[in-house]
Amino acid sequence: MDGEGTLVNKPLVRGWLLWGLGWSFFAPVVGILVSLKFNYPNFLNTEYTVFGRLRPVHINGVIFALYSTLFIGLAYYMVPQITGVRMKWERVGRPLMWLWNLGLAAGFVTLALGYNDGVEVAEFPWPVALVLWLAVAVLMVQILATLAVRKEEKLYVSAWYIIAALVWTTVSLFVGNFILPYHVAGINNVSLHGLYIHYTVGLWITPTGLAVVYFFLPAASRNPLYSHRLGLLGFWSLALFYPFVGIHHYIFSPVLDWTETVAIAASLMLIIPVAAVLVNFYGTLKGRWHTFIDNFTVKLLVVGTFFYFFGSVMGSFEALRSIQTPTHFTDFVIAHSHLTVFGGYVVFALAACYHVWPRVSDKPFSATMARWSTWLIIVGITAMGFGLIVQGLAQGTMLKQGVFFVHSLDSMKPYWLMRTLAGVTMDTGIALVAINLLRGKK
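What counts and how
- Every chain begins its residue count from 1, and numbering advances along the sequence as written.
- In view of the model being predicted, local features appear only for residues whose pLDDT reaches at least 70, and side-chain atom pairs are presented and counted only at 80 or more, with totals across whole chains, interfaces and linings using the full set of residues.
- As a convention, hydrogens and water are excluded, and side-chain values are obtained from all of the structure's heavy atoms.
- A pocket, in this scheme, is an open set of points on a 1 Å grid over the protein atoms alone with protein on both sides within 12 Å along at least 5 of 7 lines, while a cavity is a set where a 1.4 Å probe fits but cannot get out; residues line either one if an atom lies within 4 Å of a point.
- Grid points are joined across faces, edges and corners, and a volume is the space filled by probe spheres set on the points.
- Helix and strand labels come from DSSP, where a helix needs a run of H or I of at least four residues and a strand needs a run of E of at least two; each type is numbered from the N terminus.
- Each residue gets one label: Ala, Val, Leu, Ile, Met, Phe, Trp, Tyr, Cys and Pro are nonpolar, Asp, Glu, Lys and Arg are charged, and the others, such as Gly, are polar.
- In this scheme, a helix's expected span is set at 1.5 Å multiplied by one less than its residue total.
- The cut-offs for exposure are 20% and 50% of the maximum accessible area for each residue type, with area from a 1.4 Å probe on protein chains only; residues under the lower value are buried, those over the upper are exposed, and the others partly exposed.
- What the bend at a residue measures is the angle between two axes, fitted to the seven residues ending there and to the seven starting there.

Visitor: What is the right way to look at empty space enclosed by the protein in this model?
Guide: One way to see where empty space is left: roll a probe the size of a water molecule over the atoms. Overall, the coordinates contain five cavities of 30 Å³ or more when judged by the stated rule. Looking at the largest cavity, the residues that line it are Asn-60, Phe-64, Val-121, Ala-122, Phe-124, Ala-129, Leu-132, Trp-133, Leu-173, Asn-177 and Tyr-196. For the lining of the largest cavity, the secondary-structure elements that each account for two or more residues are helix H3 (51-83), helix H5 (126-148) and helix H6 (157-183). Residue contributions to the lining of the largest cavity peak at three residues, all from H5. Here the residues of the lining of the largest cavity sort into nine nonpolar, two polar and no charged.

In structure tokens form, the structure reads like this:
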């Protein structure tokens, strides 16, 4: 994997990352506004900023604007080096960038105006969803066409994850945005909805995030990947087990009991790909741990892998009926989603930006500011994860003792305040990463 100077379209990568870093200010701030409404329900009490409108802006903002925009920029950096050829139809990349980002901006405006299709993580009205789906479909065709004319005989493991994520997500987005809201009713809608939400996390965010780790960890630590076979074991076990996970949350529903048992078993089996990634990760750093000290790509990848491991294992065991029964309607579940998505995958993408941005912009960054931002991210996500887990277990215990749900909320106020403060800390760290990269070393 070389030829960065001749193969990579630097202005294109820079444009995508610029948009992604811009979204890193927007989506987390909306999350702070949402969290404030738990303690101060009348805060920003307008029809455009009620909880029900801001929450989907935050969720879609993190998944599609912040994380996915950064990943697409990184894909334009990775794919040419994996294949040994420039991207096929390079000129498509820039109009695609505007299509994707203006589509997202239009989507957030429509959500604030109250237009919502009612499917979680597919709330955008269908014209906006069509724009975003077309962007993903075109990107898939562009990358597959590039891979078809590659000079590298063997496909690196990152390419496996990128191909699968794009194919899976092109299908999943179509089902979630154009079939679920209009053509499926009743319990079948509920079941497919559970699958769709999990496919967005497990068949888009997860494989693209792991593609980033498998590419940038060897590149930043200057050590070859520990085991290509272990990488493929992780890939195929993810592909085998994740499609069955989607309905493991529905233990209090009329969904068939045996299908939930299959989903729970598949959730536990996901420990295999997680363990494969972890062993490969630490094997790759063998003899190169000193790079952790002053290389912020390696540093953030190590931090992100810790939260990825903790959040993923938590998610697997959270699926068990014995654990889900007391925690299902609590913020225990929210702890899992923040630890994996924010603590893991968003941090992976930011780590890669430390490697890529100076190379495509010729701007070095400040090590001092990078150290501050890293500590703020670590402290913020740790406090948020720990606080939400304790909050979830405390509320779950009260519910098991017969306390009415509405009465259990009185005890949650200190935890909600802690979540807001943790979110401010974490989001400040993320914003500092963006500021540091964009302004360069002074």
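Visitor: Sorry if this is basic, but what is going on with helix H7 (residues 186-221) here?
Guide: Given 3.6 residues to a turn, an α-helix orients residues that are three or four positions apart in the same direction. In a regular helix each residue adds 1.5 Å, so 36 residues correspond to 52 Å; H7 covers 51 Å between its end C-alpha atoms and thus fits that length. Across the 36 residues of H7, 29 count as buried, placing the element largely inside the fold.

Visitor: Honestly, unusual backbone geometry in this entry has me stumped. Any pointers?
Guide: Glycine aside, residues mostly have negative phi angles, and peptide bonds mostly take the trans form. A positive phi angle is found at Trp-89, which is not glycine, with a value near 50°. In this structure, Val-121 is a non-glycine residue whose phi angle is positive, near 70°. One can find Val-121 in the loop between helix H4 (93-112) and H5. Since its relative accessible area comes to 6%, Val-121 is described here as buried.

Visitor: Explain helix H14 (residues 332-361) to me, please; I cannot follow it from the model alone.
Guide: Relative to the 44 Å expected for 30 residues at 1.5 Å per residue, H14 spans 41 Å between its end C-alpha atoms, a close match to the ideal helical length. The sharpest bend along H14 measures roughly 35° and falls at Tyr-354, with the proline Pro-358 sitting one to four residues further on. Burial of H14 is extensive: 26 of the 30 residues sit out of reach of the surface. Phi for Asp-362, located one or two positions after H14, is positive at around 60°.

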